[in-house]
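# Survey of secondary and tertiary structure
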Amino acid sequence: MPEISIQQSPVPLLQVSGLSLSVGERTLINDIDCVLKKGCRTVVLGPNGAGKSIFLRLLCGLMEPDVGSILWQGQAINSAVRRCLAMVFQHPVLLRRSVAANLNFALGNAGLGAVARRQRVAEGLHLARLQALASQPARLLSGGEQQRLALARALITRPTVLLLDEPTASLDPASVQAVEAIIESAHSQGIKIIFVTHDVGQVRRLADEVLFIHRGTITEQTSVAQFLSSPGSQVASDYLAGRLVL
Amino acid sequence: MPGFTETFGLALQLIFSGSRDLVEIVMLSLQVSISAVLLGCLVGLPLGAWLVVGKFPGRTLLQVLINAFMGLPPVVIGLVVYLALSHSGPFGVLDLLYSATAMVIAQMLLVTPLVAALARQHLDDLYLEYRNLFASLNLSSWQIARALLWDARYSLLTVSLAGFGRAIAEVGAVMIVGGNINHLTRVMTTTIALETSKGDLGLALALGIILISLSVTVNAAVMGLRSSARRLAYA
Ligand SMILES: Nc1ncnc2c1ncn2[C@@H]1O[C@H](COP(=O)(O)OP(=O)(O)OP(=O)(O)O)[C@@H](O)[C@H]1O
Ligand SMILES: [Mg+2]
């Protein structure tokens, strides 16, 4: 995905068509079509087991669909496209190394010289506000610190798109705020944000557009204000009202 | 035949007087087994990583073979190396039979499958944990293998010590390819076997005590290493 063409391109940032995935008898993703544009923050909502995590994994090429296509800036997922995508998982996967080494590891494919790499690592430490813990083993960090580190590690690869799967689940309010601040700053730098959450407050604070998924299908794609004031389906209003949706 | 107390006294005396023969035997044992383990790790660790990361035809077959070789009795390995190195064998011209080098080769062949198989298990578990991250960073198999080997470093150290345990404790292979020649290829285990059969139990027991202490020390080192690695969350 060449970065130059991203501004004001006629081609949408992401175009998904006819996406389906089944495992055994179960259809996990059922004929999803959607178009996502650059510049707005998209939240993927839906009840537990709706297929949000799988959808995100499909989007960044961690899983292969059975049918359908995913085009980033008009291109199918290849290694150049992958380099522009960064994914943060709900449970951060941290290497058995120091905080700084975890950041450095993500730059393995960035083709940077030693000086530039050190600079990016410092940038990551600053972003995660973990300068004081740079040489600590990453896996000894608290949950919130680990998530900040994972986020910073994703961002120092300078992605065009940041995908986040419940990045603040099980974090305390201060950590949530810290993580949201990092996401916000990424957005203000022009990085496309696509995230999953179950926190309606976070949807208000962080998102512009909602993709609602139910049973592997996108049932609506609207603005946050529209979705929260008048959700387009019974499932969506049940979901928002906290009624169990199956 | 002397009593146990007498033998034990003699053994301790041999150990603490630093008998030259004894020191020579212990040093050769360590030299041979440490070299064999280093070489075995040099081959076995990358092989283990390749089994985890690599996608090639015959991977399962190779895995089965390695697992089978892991349990092979040392005498069989000794026999194979003997045949290869004997004058009529394919490597006969190298004239290595009955040398320390031959013993290193035999023990290396003994240790490599063990190291590879154990390493594969550890690396497999780690890969399961890391694969999402690796995939999202778009790493090559080569980068993944290197990262796995580094991140499993503490477990792999214990793997190599398990290899050392197998090497230093075996008799069959070194006996066949080394020939147990005095001052040349005599190691702890072969000496114990020989001296016991001759009735010279003092030297045999002295070496036995040293082997046991060595084993205890190595295991204590492993435990210490593990717990410090765990404290750092590096294990
Ligand atoms: N590898 C897999 N094989 C088979 N089924 C799977 C697999 N991964 C997920 N599923 C199933 O697919 C469905 C959707 O899973 P997914 O993880 O995408 O849900 P989700 O929307 O992220 O839910 P949550 O809000 O609980 O995270 C679930 O019912 C899950 O059991
Ligand atoms: Mg999920």
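Description of the structure in this document. None of the values given here were measured: they were computed from a predicted structure.

Quick notes on the rules
- Residues numbered from 1 in each chain as written.
- Chains lettered and ligands numbered in written order.
- Predicted model: local features only at pLDDT ≥ 70, side-chain atom pairs only at ≥ 80, totals over all residues.
- Heavy atoms only, no water.
- Helix = DSSP H or I, 4+ residues; strand = E, 2+ residues; numbered from the N terminus.
- Buried < 20%, exposed > 50% of the residue type's maximum accessible area, 1.4 Å probe, protein only.
- Contact = heavy atoms within 4.5 Å.
- Areas by Shrake-Rupley, 256 points an atom, 1.4 Å probe, with all protein chains shown as cover.
- Lys, Arg positive; Asp, Glu negative; His and termini not counted.
- Charge placed at Lys NZ, Arg CZ, Asp CG, Glu CD.
- Salt bridge = Lys/Arg side-chain N within 4 Å of Asp/Glu carboxyl O.
- Phe/Tyr/Trp six-rings, centres within 6.5 Å; stacked < 30°, edge-to-face > 60°.
- Lys NZ or Arg CZ within 6 Å of the ring centre and 35° of its normal.
- Pairing = 2+ DSSP bridges.
- Right-handed = clockwise from strand over helix to strand, strands pointing away.
- Core = buried A, V, L, I, M, F, W, Y, C linked by side-chain atoms within 4.5 Å.
- Near = heavy atom within 4 Å.
- Polar contact = N/O pair within 3.5 Å; in protein donor to acceptor, adjacent residues only side chain to side chain.
- Buried area = accessible area lost by both parts, 1.4 Å probe.

## Notes on the overall build of chain B
Counting its secondary structure elements, chain B contains ten helices and zero strands. Ordered by position in the sequence, the α and β elements of chain B form the string α-α-α-α-α-α-α-α-α-α. Along the three orthogonal principal directions, the C-alpha set of chain B runs to about 70 × 50 × 25 Å. Taken across its 235 residues, chain B has 46% of its residues classed as buried. Excluding contacts between residues fewer than 6 apart, the proportion of contacts in chain B whose partners are at least 24 apart in sequence is 71%. Looking at chain B as shown, the accessible area adds up to about 11800 Å², and 69% of this sits on carbon and sulfur atoms. Here chain B carries 13 positive and 11 negative side-chain charges, and the mean point of each set is 13 Å from the other.

## A look at the pattern of salt bridges
Oppositely charged side chains are able to pair whenever their charged atoms sit close together. Residue and element names in this part refer to chain B. Scanning the entire structure with this criterion turns up eleven salt bridges over all chains. For Arg120, the salt bridge goes to Asp124, with nearest N and O atoms at 3.2 Å. In this pair, Arg120 and Asp124 are both assigned in helix H5 (residues 100-137), four residues apart and thus about one turn of the helix distant. The class for Arg120 is buried, based on a relative accessible area of 16%. For Lys198, the salt bridge goes to Glu195, with nearest N and O atoms at 3.5 Å. Of the two residues, Lys198 and Glu195 both sit in helix H9 (residues 188-198), three residues apart, roughly one turn of that helix.

## So, the packing of aromatic side chains
Overall, the coordinates contain seven aromatic pairs over all chains when judged by the stated rule. Arranged with centres 5.5 Å apart and planes meeting at 70°, the rings of Phe212 of chain A and Tyr239 of chain A form a pair that is edge-to-face. Separated by 27 residues along the polypeptide, Phe212 of chain A in strand E9 (residues 209-214) and Tyr239 of chain A in helix H9 (residues 234-241) bring together distant segments of the chain. Neither residue differs from the other here; Phe212 of chain A and Tyr239 of chain A are each classed as buried. When the centroid spacing of 5.7 Å and the interplanar angle of 25° are considered together, the rings of Phe4 of chain B and Phe8 of chain B count as stacked. Of the two residues, Phe4 of chain B and Phe8 of chain B are both situated in helix H1 (residues 4-17); the distance of four residues between them amounts to about one turn of the helix. When the ring centre of Tyr234 of chain B is taken as reference, the NZ or CZ atom of Arg153 of chain B above it lies at 5.0 Å.

## Structural notes on the pairing of strand E8 (residues 192-196) of chain A
All names here are of chain A. With five of five residues buried, E8 lies mostly within the body of the structure. A two-sided burial pattern is seen for E8, the buried positions comprising Lys192, Ile194 and Val196 on one face and Ile193 and Phe195 on the other. As paired strands, strand E7 (residues 161-165) and E8 are joined by five bridges and run parallel to one another. Note on E8: the bridge partner recorded for Val161 is Lys192. What joins E7 to E8 is helix H6 (residues 173-188), and the crossover it makes is right-handed.

## With respect to the nonpolar core
When a protein is soluble and globular, its nonpolar side chains tend to lie buried together. If you look at the biggest cluster of nonpolar residues, it comprises 75 residues, and the most contacted ones within it are Phe55, Leu59, Trp72, Leu163 and Ile194 of chain A together with Phe134 and Leu148 of chain B. With ten residues, the single largest contributor to this core is H5 of chain B. Filtering out sequence-adjacent residues up to four positions away, Leu163 of chain A remains in contact with Leu56, Leu59, Cys60, Leu85, Ala86, Met87, Val88 and Ile194 of chain A. Formed by 29 residues, the second largest nonpolar core is a distinct cluster that contains Leu45, Val179, Phe195 and Tyr239 of chain A.

## Points about the site of ligand 1
All names here are of chain A. Contacts to ligand 1 come from 13 residues, most closely from Asn48, Gly49, Lys52, Ser53 and His198. Contact distances for ligand 1 include 2.7 Å between an oxygen atom and a side-chain N or O atom of Ser53. Those elements that place two or more of their residues in the shell around ligand 1 are strand E2 (26-36) and helix H1 (52-59). Top contributing element to the shell around ligand 1 by residue count: H1, with three residues.

## Digging into the interface of chain A and chain B
A common measure of how large an interface is: the accessible area buried when the components associate. Chain A puts 23 residues into the contact, and the matching count from chain B is 21 residues. Overall, the association of chain A and chain B removes approximately 2000 Å² of surface from exposure, summing both partners, and the carbon and sulfur fraction of that is 55%. The interface formed by chain A and chain B contains three salt bridges. The closest approach of N and O atoms between Arg96 of chain A and Glu129 of chain B, which form a salt bridge, is 3.1 Å. Where chain A meets chain B, there are 15 residue pairs in polar contact (both at pLDDT 80 or more).

## Describing H9 of chain B
All names here are of chain B. Among all positions in H9, only Met188, Thr189, Thr190, Thr191 and Glu195 are buried. For H9, the elements touching its buried residues are helix H2 (20-53), helix H7 (153-169), helix H8 (172-178) and helix H10 (201-231). Two residues or fewer past H9, Gly199 is found with a positive phi of approximately 95°.

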